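# Fold and contact review
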Amino acid sequence: MPEVSVRGRRLAYEVQPGGLDKSSLSVVFIHGSGGDREDWRAQLDGLPQVVNVIALELPGHGESDPPGEATVEAYAHWVTDFVDAMGLQAVMLVGCSLGSAITQWIALFA
């Protein structure tokens, strides 16, 4: 599984299709507490013909380095740093549970 270094820690993610076109729209899926990229399997397998589909594993989840975070704001900073580290130019964030709180925090405050 691919990974990117953010603030000296590994963040794991899955991208479909196999190649990443950084100039195309990237839909970044963010899981809830206790989840990982597999929470988004249907989206990873069903959408890649149209956009870059990326399922991020938050710190402390899946194959990303621990520890996790205690606040939505702290996770939101990891997500924005991930987007920057990946060099993504057009991004749509989609979340479930904790992931939706993260996307809302980013929309309101980032």
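Summary of the structure given here. (Residues numbered from 1 in each chain as written. Predicted model: local features only at pLDDT ≥ 70, side-chain atom pairs only at ≥ 80, totals over all residues. Heavy atoms only, no water.)

What follows concerns helix α2 (residues 72–86). The first and last C-alpha atoms of α2 sit 21 Å apart over 15 residues, in line with the 21 Å expected at 1.5 Å per residue. For α2, the complete set of buried residues consists of Tyr 75, Ala 76, Trp 78, Val 79, Phe 82, Val 83 and Met 86. The buried side chains of α2 occupy one side of the element, clustering within an arc of 160 degrees when seen end-on. Where α2 is buried, its residues meet β1 (3–6), β2 (9–16), β3 (25–30), β4 (52–56), β5 (90–95) and α3 (98–109). (Helix = DSSP H or I, 4+ residues; strand = E, 2+ residues; numbered from the N terminus. Expected span 1.5 Å × (residues − 1). Buried < 20%, exposed > 50% of the residue type's maximum accessible area, 1.4 Å probe, protein only. Arc of directions from axis to C-beta. Contact = heavy atoms within 4.5 Å.)

This part is about the sheet that holds β3. Spatially, five strands are ordered β1-β2-β4-β3-β5 in an open sheet, and the strand pairing comes out mixed. With one partner strand each, in any of the chains shown, β1 and β5 form the two edges of the open sheet. Averaged over all neighbouring strand pairs, the angle between strand axes comes to 30 degrees, with direction disregarded. Judged from the four bridges that link them, β2 and β4 form a sheet pairing that is antiparallel. Pairing of Gln 16 across the sheet is with Val 53, part of β4. Lying over the sheet, α2 contacts β1, β2, β3, β4 and β5, oriented at roughly 115 degrees with respect to β1. Across the sheet, α3 lies against β3 and β5, angled at about 140 degrees from β5, the strand it touches most. (Pairing = 2+ DSSP bridges. Axes fitted to C-alpha atoms, helices over the stretch in contact; angles between N-to-C directions.)

In this section: the packing of α2 against α3. Contact pair α2 / α3: the axes reach a minimum separation of 9 Å and the direction vectors enclose 75 degrees. Taken together, the axes of α2 and α3 lie roughly perpendicular to each other. Contacts between α2 and α3 involve Val 72, Glu 73, Tyr 75, Ala 76, His 77, Val 79 and Thr 80 from the former and Leu 98, Ala 101, Ile 102, Trp 105 and Ile 106 from the latter. A class-by-class count of the residues in the contact of α2 with α3 yields nine nonpolar, two polar and one charged. (Parallel < 35°, antiparallel > 145°, perpendicular 65-115°, else oblique. Nonpolar A, V, L, I, M, F, W, Y, C, P; charged D, E, K, R; others polar.)

In this section: the nonpolar core. With 22 residues, the main nonpolar core has Leu 58, Phe 82 and Ile 102 as its most contacted residues. At the level of elements, β1, β2, β3, β4, α2 and α3 are the ones that each hand at least two residues to this core. With seven residues, α2 is the largest single contributor of residues to this core. In contact with Leu 58, other than residues within four places in its own chain, are Ile 30, His 31, Ser 64, Tyr 75, Val 79, Leu 98 and Ile 102. The next biggest cluster of nonpolar side chains, apart from the first, holds seven residues, and it includes Val 27, Phe 29, Leu 44 and Val 53. (Core = buried A, V, L, I, M, F, W, Y, C linked by side-chain atoms within 4.5 Å.)

These figures come from the coordinates and say nothing about function on their own.
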